[in-house]
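Structural features, examined
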Amino acid sequence: MIKGLFKKPKNDLEPSVAGRIDKPAEVNIPHELCTVCPGCKKSVFSSDLQENDCVCPNCGKHLRLNTRQRIHMIADPDSFREFWADMSGSDPLGFPDYEEKLRAAELASREAESVVTGTVRIGKNPAALFVMEPAFMMGSMGTVTGEKITRLFEYATEKGLPVVGFTASGGARMQEGMLSLMQMAKTSGAVKRFSDAGGFYLAVLTDPTTGGVTASFAMEADVIAAEPDALICFAGPRVIEQTIRQKLPPGLGRAESLLKNGFIDKIVPRREQKKFIARMLRAHRKD
Amino acid sequence: MNAKDHVAAARAKDRPTAAKYIKGIFDEFTELHGDRCFGDDPAMVGGVARLGQSYVTVIAQEKGTTTRERAGRNFGSAHPEGYRKALRLMKQAEKFGRPVITFVDTAGAFCGIGAEERGQGQAIASNLMEMMMLRVPVLAIFIGEGGSGGALGIAVADQVWMLENAFYSVISPEGCASILWKDPARAAEAAECLKLTAEDLTDLSVAEQIISEHEGNFEKTFAFLKEAIGSFIAEKQQIPVEELLRERYDKFRKIQ
Ligand SMILES: [Zn+2]
C-alpha cells in the first residue's frame, strides 16, 4: 500500500492537521479579476462572487464551492474539528495512471481525498459533518472516501450526534474497481445502523451528485435538501441520451424536478443553508 | 482465460438465464408480481420457492431468451419499480422467516428518463440499507453480468457466489475505456485493469465462492447449487440473527 506516500500540500492557513480550523482556503478562487458566470454568461467580479459564497450576483447560479469555503459558510466560527485528515487514497488495484491522477487531484483541490470529515457546531448545534470535494476527481468515491464517511456515521452513532452531509460526486471511482463499488454497501450499512439507533441525518445535495453516491448515502438521509439547479441523478444526461438515443426533457435530473417528483424535501439556496440546517438540527435535538 | 473472455462468456446469448437456474435448482416456484407503488418490472423476477423441506424467497434479474422476450424484459436492466418489487419481496421474506436467494445478471440498472423520474438512485439506496439489516440469511449468486449499482441493488448478502465466467464490475469495460482513454476499443485492457473476474473478486474478498460451470454442462451446476444452497441455509439458520447481521455488516465494513 502506498497510503500517505504523497504528502498533502500544506495549506498555510492550517496550523496543523490535527487542530485544523474552518478558515476558508482561498485555493479554488480564480486569480483573474473577472469570472464568466456559466448561468447568465455575464462577467462578474471574482471578489463579488467570493463574497457571495460563489453564487452569481446576477442570476443566482450556484457555482461550485470548495470544501473549506463551504465549511466556513455553515460552521460557527472556530467550531470545525477535522477527523482523519491524513487519510489519502491508495492504488489498491495497480490501475494505470491512477497514482498520477491522485497526485494531480491533491494539487488541484489541496485535499487529501474527496471528502472532508469532522465535527462542527451549526447555530450552536453540535453535529458530525462530511463535505465532499468536487475538485478532487469530481468527488468520486474511492475506498478512503467510503471509509471516512463510514467512520463518521459510526462515530456519530457512538456519540449520539446528528450528521450533516454535503454531497458532490461523479459516483464510484472506477480506478479502484469493485472496492469502490463496495463502499456504497458499506456506507449504507453505517447509515442504517445510525438511523436504527435514532440518529438524525440531513443531506444537502450539491452539483453534481450522481451515480453510486446518489444510489447510496445521498438518498438515505432523513431530510434531503438540495442546492438550486444542482444535477442530482443516477445516470447522467449524456449516458441516458446515449442509451435511449433521444433528447431529454429540459430539467431532467435537476433539483427542481427531483422536488416535483418527490425525491427531495426542499431546495435551499446557499445564503439560507446555515439557518435551515440549524433549525432542523434544533428540531431533532435529544437533550 | 483473459478477463475479456470471461466478459464475453458472461454476455453470451446462449448462456442460461435466471429462469433456468430457478427451474433447475428449486422444487417449485411461484412468481409474485408488482412493487405495489407503480408497476411490475419484467426485468426483475421474484417469488416463493421450495427447496426440499424449506421455503425461500427468490429474486432474480431475468434477461429473457428469445429476441421478443429479451426486449420485453429490457435485457435484464431493471427500473426503480424492479428494485422496489425486490425489496417488497425481501421484506415479505423477513416477515415469514424465509432466506433470500438472489440471482444477479444485469448490464446495469436501466438508464432512462422514466428510471430517473421515478428515482433509480433512491430505489437502489433503499435496497442497500434494508438488505444490510434484513433479519434472514441472504445469498447472492452472480450468474452472468454483474453491472455496478444495478447488481449491488440485490446483492448486499451474507455471501456472494460467482459462476466461473460471471463478472462483477464498477463500470462496463467499454464505459471505462471510453471515459479513461476515449477509446471503447480498449475494452479488453479495461476489463483486465478493473479486476472483475470471479477469481479476482474472491482474492479481493468481494466474493466467497466460485461455482464451476462444468464446461457448459449447467445441469451439473444446478445440481451442485441445489446442494450448496441447502447447506448455506442450514448453516446460516443456526446463527443467532444479531450475529448474522454483525457478520454481514463486517463483511462489507472491512473492505477498504
Ligand atoms: Zn449568472
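Nothing here was measured: the structure is a model prediction, and the numbers come from that model. (Residues numbered from 1 in each chain as written. Chains lettered and ligands numbered in written order. Predicted model: local features only at pLDDT ≥ 70, side-chain atom pairs only at ≥ 80, totals over all residues. Heavy atoms only, no water.)

1. Digging into the overall build of chain B
When you go through chain B residue by residue, the secondary structure sums to twelve helices and eight strands. Expected size for 256 residues packed as a compact globule is a radius of gyration near 18 Å; at 17 Å, chain B falls within 12% of this value. Accessible area for chain B stands at about 9,900 Å²; split by element, carbon and sulfur atoms hold 51% of it. (Helix = DSSP H or I, 4+ residues; strand = E, 2+ residues; numbered from the N terminus. Rg over C-alpha atoms; globule rule 2.2 N^0.38 Å. Areas by Shrake-Rupley, 256 points an atom, 1.4 Å probe, with all protein chains shown as cover.)

2. What about the sheet that holds strand S3 (residues 81-83) of chain A?
Residues and elements named next belong to chain A. Reading across from one edge, S3-S4-S5-S6-S7-S8-S9 is the order of the seven strands in this open sheet, with mixed pairing throughout. Of all strands in the sheet, those bounded by a partner on one side alone are S3 and strand S9 (266-267). Both strand S4 (residues 115-122) and strand S5 (residues 125-132) contribute to a ladder of eight bridges, which runs antiparallel. Residue Arg 121 lies in a different strand from S5, and its bridge partner there is Pro 126. Most of the contacts of helix H4 (residues 143-159) go to S4, to which it runs at about 30°, and overall it touches S3, S4, S5, strand S6 (163-169) and strand S7 (201-209). (Pairing = 2+ DSSP bridges. Contact = heavy atoms within 4.5 Å. Axes fitted to C-alpha atoms, helices over the stretch in contact; angles between N-to-C directions.)

3. Examining the coordination of the zinc ion
All names here are of chain A. Within the first shell, the zinc ion binds the protein through Cys 37 (SG), Cys 40 (SG), Cys 56 (SG) and Cys 59 (SG), at distances of 2.2 to 2.4 Å. What the four donor atoms of the zinc ion show is an angle range of 105 to 113° at the metal, which sorts the shape as tetrahedral. When the donors of the zinc ion are listed by position in the chain, the intervening gaps give C-x2-C-x15-C-x2-C. Residue classification places Cys 37 among the buried positions, given a relative accessible area of 1%. (Donors = N, O, S within 2.8 Å, 3.2 Å for Na, K, Ca; no water. Tetrahedral: all angles 85-135°; square planar, octahedral: opposite > 155°, others 65-115°. Buried < 20%, exposed > 50% of the residue type's maximum accessible area, 1.4 Å probe, protein only.)

4. Quick look at the packing of helix H2 (residues 67-74) of chain A against helix H9 (residues 270-283) of chain A
All names here are of chain A. It is at 9 Å that the axes of H2 and H9 come closest, and there the two elements cross at 55°. Here H9 runs oblique to H2, going by the angle between their axes. Each of Arg 70, Met 73 and Ile 74 in H2 lies in contact with H9, whose residues at this interface are Arg 270, Gln 273, Lys 274 and Ile 277. Tallied by class, the residues present in the contact of H2 with H9 amount to three nonpolar, one polar and three charged. (Parallel < 35°, antiparallel > 145°, perpendicular 65-115°, else oblique. Nonpolar A, V, L, I, M, F, W, Y, C, P; charged D, E, K, R; others polar.)

5. Remarks on the packing of aromatic side chains
Residues and elements named next belong to chain A. Per the stated rule, a full pass over the model turns up 14 aromatic pairs over all chains. Ring centres 5.5 Å apart and planes at 85° place the aromatic pair Phe 130 and Phe 217 in the edge-to-face group. Placement of the pair is Phe 130 in strand S5 and Phe 217 in the loop between helix H6 (211-214) and strand S8 (223-226), with a sequence separation of 87 residues. Note on accessibility: Phe 130 and Phe 217 belong to one class, buried. (Phe/Tyr/Trp six-rings, centres within 6.5 Å; stacked < 30°, edge-to-face > 60°.)

6. Regarding helix H2 (residues 18-25) of chain B
Within H2(B), burial applies to Ala18(B), Tyr21(B), Ile22(B) and Ile25(B). Seen along its axis, H2(B) keeps its buried residues to an arc of 100°; they face one direction. (Arc of directions from axis to C-beta.)

7. A few points about the interface of chain A and chain B
Taken together, the contact between chain A and chain B spans 49 residues of the former and 44 residues of the latter. Carbon and sulfur atoms make up 75% of the area that chain A and chain B hide from each other, which totals about 4,100 Å². When residues of chain A are sorted by the area they lose upon contact with chain B, Met174(A), Met178(A) and Phe234(A) head the list and together hold 17% of the total. In this assembly, chain A and chain B are joined by three salt bridges. Connecting chain A to chain B are nine residue pairs in polar contact (both at pLDDT 80 or more). (Buried area = accessible area lost by both parts, 1.4 Å probe. Salt bridge = Lys/Arg side-chain N within 4 Å of Asp/Glu carboxyl O. Polar contact = N/O pair within 3.5 Å; in protein donor to acceptor, adjacent residues only side chain to side chain.)

8. As for the domain arrangement of chain A
All names here are of chain A. Once the domains are mapped, chain A shows domain 1 (30-63) and domain 2 (64-283). Counting residues at the interface gives seven residues for domain 1, matched by nine residues for domain 2. Interface area, domain 1 with domain 2, both sides summed: about 680 Å², of which 47% is carbon and sulfur. Interface area lost by domain 1 to domain 2 is led by Asp 53, His 62 and Leu 63, which between them contribute 73%. Linking domain 1 with domain 2 are one salt bridge, by the criterion used here. Between Lys 61 and Asp 229 there is a salt bridge, with its nearest N and O atoms 3.3 Å apart. Inspection of the region where domain 1 meets domain 2 yields seven residue pairs in polar contact (both at pLDDT 80 or more). Looking at the side of domain 1 that touches domain 2 residue by residue, the class counts come to three nonpolar, two polar and two charged. (Domains from an automatic or database assignment.)

9. Focus: helix H3 (residues 98-109) of chain A
All names here are of chain A. Helix length check: H3 (twelve residues) gives 16 Å between terminal C-alpha atoms against 16 Å at 1.5 Å per residue, within 8%. Every buried residue belonging to H3 is among Tyr 98, Leu 102, Ala 105, Glu 106 and Ser 109, and all of these are buried. When H3 is viewed along its axis, its buried side chains cluster within an angular range of 100° and face the same direction. Count one or two residues on from H3 and you reach Arg 110, which has phi positive near 55°. (Expected span 1.5 Å × (residues − 1).)

10. A few points about a positive patch on the surface
Residues and elements named next belong to chain A. Side chains of Lys 266, Lys 275, Arg 279 and Arg 282 sit close together on the surface and give a patch of like positive charge. With three residues, the top contributor of residues to the positive patch is H9. Position of Arg 282 among the secondary structure elements: in helix H9. We classify Arg 282 as partly exposed; its relative accessible area is 48%. (Patch = residues over 30% accessible without salt bridge, like charges linked within 9 Å, V, L, I, M, F, W, Y side chains within 5 Å. Lys, Arg positive; Asp, Glu negative; His and termini not counted. Charge placed at Lys NZ, Arg CZ, Asp CG, Glu CD.)

11. Overview of the environment of Ile101(B)
Residue and element names in this part refer to chain B. Relative to the helices and strands, Ile 101 is located in strand S4 (residues 100-106). Accessibility expressed as a relative area gives 0% for Ile 101, which makes it buried. Along the backbone, Ile 101 and Ile 229 are 128 residues apart, and their C-alpha atoms lie at a distance of 8.4 Å. Dropping the residues within four chain positions of it, Ile 101 is found in contact with Phe 26, Val 56, Thr 57, Val 58, Ile 59, Leu 139, Ile 141 and Ile 229.

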